[in-house]
Amino acid sequence: TSNGCANFELTEGSVISVPLASSNIIDFLDPNVKLVCVLNWDSDGDKQLSYDEAAAVSDLGKSFNGTGIVYFDELKYFTSLNSIADNAFENCTALRVITLPESVKSFGKGAFAGCSNLEKIHLPEGMQKIEEYTFSGCGIKHLTIPESVTEIKQHAFSRSSLEELVIPKNVEILGQGAFLSRENLKQVDMSE
């Protein structure tokens, strides 16, 4: 190996150099997500985002607000995130799947508001409340709220596409209008 390449000598004497894959570089499924991440958090200027660079991010701010991102499974590598900022992914209307790191304990107001095509999100255990308008106008249809959640604030799921929702026994406060205008809501499990 030399210069980050593996050199292979063929039987006729020619040499082929193949670049080695860096095991520290995140391979993004969505090029729009990669673009936003590189523009904001590529600290070494290599036009890539490493696992280390992602793990150092503690605040997304509004970097993704209103962008055309579709898949963001790689957010799980942002392990220093304790919260998702107010309106962080608001109006990301193309967003379908997002995977949160287990370190996330709270969402800001309207964090996923208007994500009308959001199909899949897993809420990490350890979250304590779901803020106002967090999933307002959101496309998510099935959601299980973690056992650690004690409060669902006002309008948290208003105008969302929720059909099934599991609310744990620890939820003590349901804010006014938490499920306002939810004619699609068919099943709410509060059996615990």
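What this report covers is the structure whose coordinates are included nearby.

What counts, and where the lines are drawn
- Every residue gets a number counted from 1 within its own chain, in the order that chain's sequence is written.
- Residue-level local features of this predicted model are given only where pLDDT is at least 70; pairs of side-chain atoms are given and counted only at 80 or more, and the full residue set underlies all totals for whole chains, interfaces and linings.
- Side-chain metrics rest on all non-hydrogen atoms present in the structure, leaving aside hydrogens and water.
- What counts as a helix is a DSSP run of H or I of at least four residues, what counts as a strand is a run of E of at least two, and both are numbered from the N terminus.
- Residue contacts are counted whenever heavy atoms from the two residues lie within 4.5 Å of one another.
- Centre distance within 6.5 Å is the pairing criterion for rings of Phe, Tyr and Trp, where only the six-membered ring of Trp is used; planes under 30 degrees apart are then read as stacked, over 60 as edge-to-face, and the remainder as tilted.
- Only protein chains enter the calculation, and the probe is 1.4 Å; a residue is then buried if its accessible area is under 20% of its type maximum, exposed if over 50%, and partly exposed in between.
- We call a set of buried Ala, Val, Leu, Ile, Met, Phe, Trp, Tyr and Cys residues a nonpolar core when their side-chain atoms join them within 4.5 Å.
- Here, a strand pair is defined by DSSP locating no fewer than two bridges between the strands.

We now examine the side chain of Glu132. By secondary structure assignment, the location of Glu132 is in the loop between β8 (129–130) and β9 (142–144). Other than its neighbours up to four places away in sequence, Glu132 contacts Lys109, Gly110, Lys153 and Gln154.

This part takes up the packing of aromatic side chains. With the rule as written, the count across this model stands at 13 aromatic pairs. For the ring pair Phe64 and Phe72, a centre distance of 5.0 Å and an interplane angle of 45° mean the geometry is tilted. The class of Phe72 is buried, set by a relative accessible area of 0%. A network of ring pairs unites the aromatic residues Trp41, Phe64, Phe72, Phe78, Phe89, Phe107, Phe112, Phe135, Phe157 and Phe179 as a single cluster.

Below, the discussion takes up the nonpolar core. Within the largest apolar cluster, 48 residues are counted, with the highest numbers of intra-cluster contacts made by Phe72, Phe78, Ile84, Phe89 and Phe112. Excluding its chain neighbours within four sequence positions, the residues that come into contact with Phe112 are Ile84, Phe89, Ile98, Leu100, Phe107, Ile121, Thr134, Phe135, Ser136 and Cys138.

Take unusual backbone geometry next. Of note, the phi angle at Asn91 is positive, near 60°, even though the residue is not glycine. Here Asn91 shows up in the loop between β4 (83–84) and β5 (97–98). Exposure remark for Asn91: the relative accessible area of 40% places this residue in the partly exposed category. Here Arg159, not a glycine, exhibits a phi torsion of approximately 60°, which is positive. Mapped onto the elements, Arg159 comes out in the loop between β10 (151–152) and β11 (164–166). Its relative accessible area of 53% is what places Arg159 among the exposed residues.

In this section: the sheet that holds strand β3 (residues 71–72). As summarised here, the arrangement of the three strands in space is β3-β5-β7, forming an open sheet in which the pairing is parallel. The sheet is open, and its two borders are formed by β3 and β7 (120–121), each paired with just one other strand. For β5 and β7, the ladder comprises two bridges, and the chain directions are parallel. Across the sheet, Ile98 pairs through a bridge with Ile121, a residue of β7.

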